[in-house]
Amino acid sequence: MIAAQFDYKVPNSLEEAVSLIAADPDGSKILAGGHSLIPAMKLRLAQPQVLVDIARIKSLAYIREQGDEILIGATTTHYQLESSALLRQICPLLPLCAASIGDVQVRNKGTIGGSLAHSDPAGDWPAAALALKAELVLIGQGGERVVKADDFFVDFLTTDLQPGEILREIRIKKPTGKFGHAYEKVPHPASGFAVVGVAVNLSLKADGSCESASIGVTGVGVKAYRPNGAESALSGSSLNDAAVIEAASHACDGVDLNNDLFASGEYRCHLAKVHTRRAIAKAKASAK
Amino acid sequence: MKRAINLSVNGVARTDEVEPRLLLVHYLREVLGLTGTHVGCETSLCGACTVMLDGQAVKSCTMFAVQVEGSEIKTIEGFATNGELHPVQEGFWEKHGLQCGYCTPGMIVTAAQLLERNANPSREEICRGLEGNLCRCTGYQHIIEAVEYAASKTAGK
Ligand SMILES: Cc1cc2nc3c(=O)[nH]c(=O)nc-3n(C[C@H](O)[C@H](O)[C@H](O)COP(=O)(O)OP(=O)(O)OC[C@H]3O[C@@H](n4cnc5c(N)ncnc54)[C@H](O)[C@@H]3O)c2cc1C
Ligand code: FES
Ligand code: FES
């Protein structure tokens, strides 16, 4: 359980981090909370030559309101998101998701940016980022670009981040009007990772019917996704029990299901439907 | 290539040259000789290696020592002051919160974090707060009571 040798670099700014990585984009890795990367390095599944520790750049951890958006710095920890009074008020899905991750020690150290960049098929943040239609700000030598969460998660442990690019910020439109959020998860009993996790973001009309819904599902396939069938079934519906059950039945339509020792694809799909139904009901009940 | 680190451990300033790949837990145990911090699983799951890093409980088997440059670390050896036990330590003593004691240092650090954030936790909140710490001996009941004891002791009840 000893990592291969590497060189450790501490940039003072994001710009310095970008140029340190640019020196060897394939041999270097960003280190944030280290709670996915260090376990992989200890098993020598990852053997980077250089680690660039961005968690030491203080200005990269923040939660801020700006105009109609919420801005979150990439190295903001799960615990900072879980305990943010501002977010509990204006975007409860973020603290709900954060609180479901691993255990206290993991939440004290792990970061939202690291989790999104890692794109673990059982990671929680990708589900919330999809449900909130987050935009991700990436910075590289060529400058900045903004990628929608919908386009960011590409495949198993693979995102749209190019070698040398750093995820700098997560941007989310502040939910407005009457809305409800919920995160429902079946945690793996040992690690806490999601066997299945469902994030629901409902926007309601004054009469309580559904204006629109966006949903993120993790744990079920090789990457988190939005179940389009379920979302469109909800849109305009009355959100009565029958409508919710019908929508949830589309939770894993067309998904290439994960099969492993812990849970078969069929079981994960079943869990996804049950928990999509529960998450929609909870989001509706929480709507204000 | 070794790298110098400066930090404070239980209030004592330290400067050491370490390989970047040296885990924090190995630095504490093997370089500083602070063997109260245990290695249970080495896979980030058991919590026996938990220490306070700038006031936050972390698993020292899942960090490199170079990451804590400039920080303050508190290990179990730093919990008692002038021979007087920390309320959580006293709770484990009074409520029989340990058997073999292997998980205890990590349990105490995590429990102290829990009480700093929530001075009067319910039993359920205590269980949730200690999710990242495994005990193979006690069945947890006495550990929960130890934390309840510490909470009421701190509240002066
Ligand atoms: C015991 C345990 C339980 C856990 N349980 C859960 C759980 O229940 N749910 C869950 O979702 N996760 C869980 N995790 C994972 C945890 O949330 C990690 O913190 C997270 O997946 C990665 O974030 P990090 O900051 O630790 O990233 P790191 O480990 O530092 O990095 C992960 C990867 O992302 C890259 N990276 C990091 N930051 C950036 C960035 N800003 N830009 C570009 N690339 C970047 C790194 O190069 C690396 O490849 C658990 C981990 C452990 C050890
Ligand atoms: S030794 Fe660190 S969590 Fe088990
Ligand atoms: S007392 Fe033996 S492992 Fe907890």
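Residues numbered from 1 in each chain as written. Chains lettered and ligands numbered in written order. Predicted model: local features only at pLDDT ≥ 70, side-chain atom pairs only at ≥ 80, totals over all residues. Heavy atoms only, no water.

## A word on the overall build of chain A
Part 1: Along chain A, the regular secondary structure elements total twelve helices and 13 strands.
Part 2: Relative to the compact-globule value of 19 Å for 288 residues, chain A shows a C-alpha radius of gyration of 19 Å, a close match.
Part 3: Across its three principal axes, chain A shows a C-alpha extent of roughly 60 × 45 × 35 Å.
Part 4: Evaluated residue by residue, chain A yields a buried proportion of 56% over its 288 residues.
Part 5: In chain A, once contacts between residues fewer than 6 apart in sequence are set aside, the share between residues at least 24 apart is 63%.
Part 6: When the accessible surface of chain A is totalled, it reaches about 11,800 Å², and 50% of it is carbon and sulfur. (Helix = DSSP H or I, 4+ residues; strand = E, 2+ residues; numbered from the N terminus. Rg over C-alpha atoms; globule rule 2.2 N^0.38 Å. Buried < 20%, exposed > 50% of the residue type's maximum accessible area, 1.4 Å probe, protein only. Contact = heavy atoms within 4.5 Å. Areas by Shrake-Rupley, 256 points an atom, 1.4 Å probe, with all protein chains shown as cover.)

## Details of the domain arrangement of chain B
Residues and elements named next belong to chain B.
Part 1: According to the domain assignment, chain B contains domain 1 (3–78) and domain 2 (87–155).
Part 2: One C-alpha centre belongs to domain 1, the other to domain 2; they are set 21 Å apart.
Part 3: Domain 1 puts 16 residues into the contact, and the matching count from domain 2 is 15 residues.
Part 4: At the boundary of domain 1 with domain 2, total buried surface from both sides reaches about 1,200 Å², with 56% on carbon and sulfur atoms.
Part 5: Contact with domain 2 buries area across many residues of domain 1, yet H38, M52 and I76 alone supply 38% of it, more than any other trio. (Domains from an automatic or database assignment. Buried area = accessible area lost by both parts, 1.4 Å probe.)

## With respect to the site of ligand 1
Part 1: By nearness alone, 33 residues border ligand 1, and I30, H35, L37, T111 and D124 of chain A come closest of all.
Part 2: Those residues lying near ligand 1 are distributed over chains A and B.
Part 3: Note that an oxygen atom of ligand 1 is positioned 2.7 Å from one of the side-chain N or O atoms of S36 of chain A.
Part 4: In the environment of ligand 1, an oxygen atom lies 2.9 Å from a nitrogen or oxygen atom belonging to the side chain of H78 of chain A.
Part 5: Computed on the free molecule, ligand 1 has an accessible area of 970 Å², of which 96% lies beneath the protein chains in the complex.
Part 6: Its residues assigned to classes, the shell around ligand 1 comprises 14 nonpolar, 15 polar and four charged. (Near = heavy atom within 4 Å. Polar contact = N/O pair within 3.5 Å; in protein donor to acceptor, adjacent residues only side chain to side chain. Nonpolar A, V, L, I, M, F, W, Y, C, P; charged D, E, K, R; others polar.)

## Thoughts on the state of the cysteines
Residues and elements named next belong to chain A.
Part 1: Tallying each qualifying case throughout the model produces one disulfide over all chains.
Part 2: As a non-bridged cysteine, C91 has C97 as the owner of its nearest cysteine sulfur, 10 Å distant.
Part 3: Taking relative accessible area as the criterion, C91 reaches 0% and is therefore assigned buried. (Disulfide = S-S within 2.5 Å.)

## A few points about the interface of chain A and chain B
Part 1: Between chain A and chain B, the residue contacts involve 35 residues of the former and 32 residues of the latter.
Part 2: For the chain A and chain B pair, buried surface summed over both sides reaches about 2,600 Å², with 55% attributable to carbon and sulfur atoms.
Part 3: The interface formed by chain A and chain B contains one salt bridge.
Part 4: Where K59 of chain B meets D103 of chain A, a salt bridge forms, and the shortest distance between an N and an O atom there is 2.7 Å.
Part 5: Linking chain A with chain B are 16 residue pairs in polar contact (both at pLDDT 80 or more), by the criterion used here.
Part 6: For the side of chain A that touches chain B, the elements supplying multiple residues, two or more each, are β1 (7–9), α2 (37–42), β3 (50–53), α3 (78–82) and α6 (104–109) of chain A. (Salt bridge = Lys/Arg side-chain N within 4 Å of Asp/Glu carboxyl O.)

## Focus: the sheet that holds strand β10 (residues 166–173) of chain A
Residues and elements named next belong to chain A.
Part 1: Judged by pairing direction, the sheet is antiparallel, and its five strands sit side by side in the order β4-β5-β10-β6-β7 without closing on themselves. Both edges of this open sheet fall to β4 (63–66) and β7 (143–148), since each of them pairs with a single strand only. Each neighbouring strand pair of the sheet contributes to a mean axis angle of 25°, computed without reference to strand direction.
Part 2: Inspection of the sheet shows β4 paired to strand β5 (residues 69–73) by four bridges, in the antiparallel sense. Pairing of E65 across the sheet is with I70, part of β5.
Part 3: Against the sheet, helix α1 (residues 14–22) touches β6 (135–140) and β10, its axis set at about 130° to β10. (Pairing = 2+ DSSP bridges. Axes fitted to C-alpha atoms, helices over the stretch in contact; angles between N-to-C directions.)

## Quick word on the pairing of strand β11 (residues 178–187) of chain A
Two faces make up the sheet, and in a regular strand the side chains alternate between them.
Residue and element names in this part refer to chain A.
Part 1: Most of β11 sits out of view: eight of its ten residues are buried.
Part 2: With ten bridges joining them, β11 and strand β12 (residues 194–204) adopt antiparallel strand pairing. Note that in β12 the partner of V186 across the bridge is V196.

## Some details on the nonpolar core
It is characteristic of soluble globular proteins that their nonpolar side chains tend to be buried jointly.
Part 1: Membership of the largest hydrophobic core comes to 35 residues, with the highest contact counts inside it found for I72, L94, L116, W125, L136, I170 and I172 of chain A.
Part 2: Among the elements of the structure, β5, α4 (85–90), α5 (93–99), α7 (112–118), α8 (125–131), β6, α9 (149–152) and β10 of chain A are those that each provide at least two residues to this core.
Part 3: Sorting elements by how many residues they give to this core places α8 of chain A first, with six residues.
Part 4: Both domains that meet at this core, namely domain 2 (58–173) and domain 3 (180–286) of chain A, each give it at least three residues.
Part 5: When sequence neighbours within four positions are dropped, the list of residues in contact with I170 of chain A reads I70, L71, I72, A74, I112, L116, A134, E135 and L136 of chain A.
Part 6: Counting residues in hydrophobic clusters, the runner-up holds 32 residues, among them A3, Y8 and M41 of chain A together with L53 of chain B. (Core = buried A, V, L, I, M, F, W, Y, C linked by side-chain atoms within 4.5 Å.)

## Here's the deal with the packing of helix α2 (residues 87–94) of chain B against helix α5 (residues 141–154) of chain B
Helices that pack against each other are described as a pair by the angle of their axes relative to one another and the distance between those axes.
Residue and element names in this part refer to chain B.
Part 1: Running from N to C, α2 and α5 point in directions that differ by 130°, and their axes come no closer than 8 Å. Classed by the angle they form, the pair α2 and α5 counts as oblique. Crossing angle aside, the handedness with which α2 passes α5 is right-handed. Residue-level inspection shows P87, V88, E90, G91, F92 and E94 of α2 in contact with α5, the latter providing I143, A146, Y149, A150, K153 and T154.
Part 2: A per-class count over the contact of α2 with α5 returns seven nonpolar, two polar and three charged. (Parallel < 35°, antiparallel > 145°, perpendicular 65-115°, else oblique. Left-handed = near helix turned anticlockwise from the far one by under 90°.)

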